[in-house]
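Chain by chain, the residues:
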Amino acid sequence: MASTVKKLEKSTVEIRLTVPADQFNAAMNTAYQKQRGYFSVQGFRKGKAPRRVIENFYGPDVFVEGAVDEVAPKFLEEALKEHDLELVGRPAVSLEEAYKPGADVPLVFIVAVYPEVELGAYKGLELQKPDATVTDEMVEHELEHARQDRVRYIEADRPIQMGDRIIFDYKGKVGDTYFEGGEAKGATLDIGSGQFIPGFEEGMVGVEKEQAREIPVKFPEQYHAEELAGKDAVFEVLVHEVREKELPDVDDDLAKDASEFDTLAEWKEDIRAKLTEAAEQQAKVSLQNQALQAAAQNAKLEIPDAMVEGQMDNLLRDFAQRLMYQGLDLNEYCKYTGMTAEQLRESTRNDALRRCTNQVVLDAITKAEGFTASDEEVEAKAEEYAKRYNQDPETFKKNLTEQDRGYIAEDVAIEKTLAFLVENAKLVEKKEEAPKKAKKATAKKAEDGEEKPKKTTAKKTAAKKTAAKKDEAEKETKAKKPAAKKTAAKKEDGEKPAAKKAPAKKTVKKAEDAE
């Protein structure tokens, strides 16, 4: 089958080809068989009218669209293979001219294809050396985490202090009207946790058990319940229990309880070793990310819109999945942030473009340097994946298809490329930034003794806490599942609209996780 290709802008091409009359007529018959049940023709039961009768009644081109749907995938695939092109988005297809029964049918495809790359410099890149130092303070921080995990709350016979856990009743009103959702009995609150609107928890300090009090507050201007936003309110409270923290000492007993070690010294040594390993891995990923970003900036390429749009869909889908793991959904998140799902999706466009660019450049460098994976390397990586997912290595490898092994091989090759970029780079010490001078207005506020509220949200819910972490969450681009998961479950990647090779893209994610 002969076809022609014309390059358009942004890695989009126009493909023209002709479907022979006999093959298109066969496709028309197929379309007729699938669609005849929708047509009513006088004198025939519905779905029983012959094709020719339906065409005479509705027009000779009534089944053309269905026939195009039948033949387009096969003929397009052949054309892409003929010209060594790879599809990255949904193609648009149309007839070049009006359909003529019995004649060959010329089709025109507008297709977004995997971009061509003109690589720039990717060797000798200047990278800032990350700091992988593990300090005593970092070790102590981990110890404190373990200590806080084992905190007990014991009853205190005194007024409330910051850090206490209380059990209380509350009922909120604006003016003389109690508002919906502002009442609870036997609620638990950690004072100082920031779960309630600004001013509430501070107002609870000093309150005694079984002492009725009124706590005046002001709802934030940006509050999810619009009828309360910016309003002054009063909460009537009655405290039933006041409990204070009791933390264990950092000693050998804590080590035995919180770790596999008998002494605090052994436990500290283990913590330092694990922190060092994590810091070194983070430094490695940071260098890979810097190198890839620099190489992408030096390259020339055009990312098709379809590829970016597909990546944006992936970002939104992955973010929704992360919300789901926290017991939330996207609609609830949008409600609390005041954004629509489409606005949230649009906010990922620049990130999606950057990630697509990095992916394509990384693939190009891998190809240019000829990095591949040996059978032994694929076996070793498969065993690594099996271990990661707590599966038996032999069973895991036995269940791999050839396509799975191809994905693993690509992962290995991409990892080699990232290591190559770093090995051939120049590492320089990170420049220390000069401390920024405080703005005069801020300084004046400090002098006036005014404290800027740290939180501007209303009574906190899990959705709000998630919203506060929006920027952090949106840094992640690909699905959380690593390449091994893809190998085990093939097409669950979710990257297809924007991907050339799923494992390659997942490896790009590895290089970007440190951001």
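Structural notes on the pairing of strand β8 (residues 177-190)
Across eight bridges, the pairing between strand β7 (residues 165-174) and β8 is antiparallel. Directly across from phenylalanine 168, in β8, lies its bridge partner alanine 187.

Overview of the confidence of the model for the protein chain
Looking at the protein chain, the pLDDT average stands at 85 and 83% of residues meet or exceed 70. Considering each helix and strand of the protein chain separately, the mean pLDDT is smallest for helix α18 (residues 483-489), with a value of 35, and largest for helix α7 (residues 264-298), with 97. In the predicted structure, residues 438-515 sits below a pLDDT of 50 and forms 171 contacts with residues beyond four places in sequence or in another chain.

Description of the environment of isoleucine 15
By secondary structure assignment, the location of isoleucine 15 is in strand β2 (residues 12-19). Once the C-alpha coordinates of isoleucine 15 and alanine 79 are considered, the two residues, 64 residues apart in sequence, prove to be 7.7 Å apart. Beyond its immediate chain neighbours, meaning those up to four positions away, isoleucine 15 contacts Ser3, Thr4, Val5, Leu76, Ala79, Leu80, Leu85, Leu107, Val108, Phe109 and Val111.

Some words on unusual backbone geometry
Residue aspartate 84 is not a glycine yet carries a positive backbone phi of 55°. Of note in the backbone geometry, glutamate 210 takes a positive phi value of approximately 55° without being a glycine. Along the chain, glutamate 210 turns up in the loop between α5 (200-204) and β9 (212-218).

Quick word on the nonpolar core
Counting residues in each nonpolar core, the largest one holds 29 residues, and the members touching the most others are Ile15, Leu17, Val19, Phe24, Leu107 and Phe109. Broken down by secondary-structure element, the contributors of at least two residues to this core are β2, α1 (21-35), α3 (64-82) and β4 (105-112). Sort the elements by how many residues they give to this core and α3 lands first, with nine residues. If we skip the residues at most four places from it in the chain, phenylalanine 109 touches Val13, Glu14, Ile15, Leu17, Ala72, Leu76, Ala92 and Val93. In terms of nonpolar packing, the next biggest core, distinct from the first, is built from 25 residues, Ile191, Ile215, Val217 and Val239 among them.

Re the packing of α1 against helix α2 (residues 51-58)
The N-to-C vectors of α1 and α2 enclose an angle of 90°; their axes lie 11 Å apart at closest approach. The angle between α1 and α2 falls in the class roughly perpendicular. From α1, Asn25, Met28, Asn29 and Tyr32 reach across to α2, where they touch Arg51, Ile54 and Glu55. The class makeup of the residues in the contact of α1 with α2 is three nonpolar, two polar and two charged.

Examining the pairing of β2
Taking burial as the measure, the eight residues of β2 include six buried ones, the bulk of the element. When strand β1 (residues 3-7) meets β2, the two strands line up antiparallel, connected through five bridges. In the sheet register, serine 3 faces β2, and the bridge partner there is leucine 17. Counting the residues between successive antiparallel strands, the hairpin from β1 to β2 contains four residues, one of them, lysine 10, with a positive phi of roughly 55°. Pairing analysis gives eight bridges linking β2 to β4, with the strands arranged antiparallel. Of the residues in β4, the one forming a bridge with threonine 18 is proline 106.

Some thoughts on the sheet that holds strand β3 (residues 92-95)
Reading across the sheet, the four strands line up as β1-β2-β4-β3 and stay open at both edges, with antiparallel pairing between neighbours. Edge positions in the sheet fall to β1 and β3, since each of these pairs with one other strand and no more. On average, adjacent strands in this sheet sit at an angle of 20° to one another, irrespective of strand direction.

A look at α3
For α3, which comprises 19 residues, the first-to-last C-alpha distance of 26 Å matches the rise-based estimate of 27 Å (1.5 Å per residue) to within 8%. Remark: the principal bend of α3, roughly 35°, maps to alanine 72, with a proline, proline 73, within the next four residues. If you check which residues of α3 are buried, you get Val64, Gly66, Ala67, Val68, Val71, Ala72, Phe75, Leu76, Ala79 and Leu80. In this structure, the buried residues of α3 make contact with β1, β2, α1, β3 and β4. One or two residues past the end of α3 sits aspartate 84, with phi positive at roughly 55°.

What about the packing of aromatic side chains?
Tallied over the entire structure, the rule returns 18 aromatic pairs. Consider the rings of tyrosine 32 and phenylalanine 63, whose centres lie 5.7 Å apart with planes at 80°: the pair is edge-to-face. With a gap of 31 residues between them, tyrosine 32 in helix α1 and phenylalanine 63 in the loop between α2 and α3 connect regions that are remote in the sequence. Given the relative accessible area of 7%, tyrosine 32 is considered buried. Its relative accessible area of 0% is what places phenylalanine 63 among the buried residues. With a centroid separation of 4.9 Å and an interplanar angle of 50°, the aromatic rings of phenylalanine 219 and tyrosine 223 are classed as tilted. In terms of burial, phenylalanine 219 and tyrosine 223 fall into one category: buried. Through pairs of rings, three or more aromatic residues link up here, namely Phe168, Tyr170, Phe179, Phe196, Phe200, Phe219, Tyr223 and Phe235. The cationic tip of arginine 165 hangs over the ring face of tyrosine 153; the distance from NZ or CZ to the ring centre is 4.0 Å. The ring of tyrosine 178 carries lysine 171 above its face, with NZ or CZ at 4.2 Å from the centroid.

Re the environment of glutamine 211
Among the secondary structure elements, glutamine 211 is positioned in the loop between α5 and β9. Setting aside its immediate chain neighbours within four residues, glutamine 211 contacts Val237, Leu238 and Val239. At 3.0 Å, the side chain of glutamine 211 forms a polar contact with the backbone nitrogen of glutamate 208.

Concerning helix α4 (residues 136-149)
Taking 1.5 Å of rise per residue, 14 residues should cover 20 Å, and α4 covers 20 Å from first to last C-alpha, within 8% of that figure. Those residues of α4 not exposed but buried are Val139, Leu143, Ala146 and Arg147. Buried residues of α4 fall within an arc of 105° about the axis and therefore sit on the same side. Those residues of α4 that are exposed and angled more than 90 degrees off the buried face are Glu137 and Asp149. Buried residues along α4 sit in contact with α6 (252-258) and α7.

Rules used in this analysis
- Residues numbered from 1 in each chain as written.
- Predicted model: local features only at pLDDT ≥ 70, side-chain atom pairs only at ≥ 80, totals over all residues.
- Heavy atoms only, no water.
- Pairing = 2+ DSSP bridges.
- Helix = DSSP H or I, 4+ residues; strand = E, 2+ residues; numbered from the N terminus.
- pLDDT = per-residue confidence, 0-100.
- Contact = heavy atoms within 4.5 Å.
- Core = buried A, V, L, I, M, F, W, Y, C linked by side-chain atoms within 4.5 Å.
- Buried < 20%, exposed > 50% of the residue type's maximum accessible area, 1.4 Å probe, protein only.
- Axes fitted to C-alpha atoms, helices over the stretch in contact; angles between N-to-C directions.
- Parallel < 35°, antiparallel > 145°, perpendicular 65-115°, else oblique.
- Nonpolar A, V, L, I, M, F, W, Y, C, P; charged D, E, K, R; others polar.
- Expected span 1.5 Å × (residues − 1).
- Bend = angle between axes of the 7 residues up to and from the residue.
- Phe/Tyr/Trp six-rings, centres within 6.5 Å; stacked < 30°, edge-to-face > 60°.
- Lys NZ or Arg CZ within 6 Å of the ring centre and 35° of its normal.
- Polar contact = N/O pair within 3.5 Å; in protein donor to acceptor, adjacent residues only side chain to side chain.
- Arc of directions from axis to C-beta.

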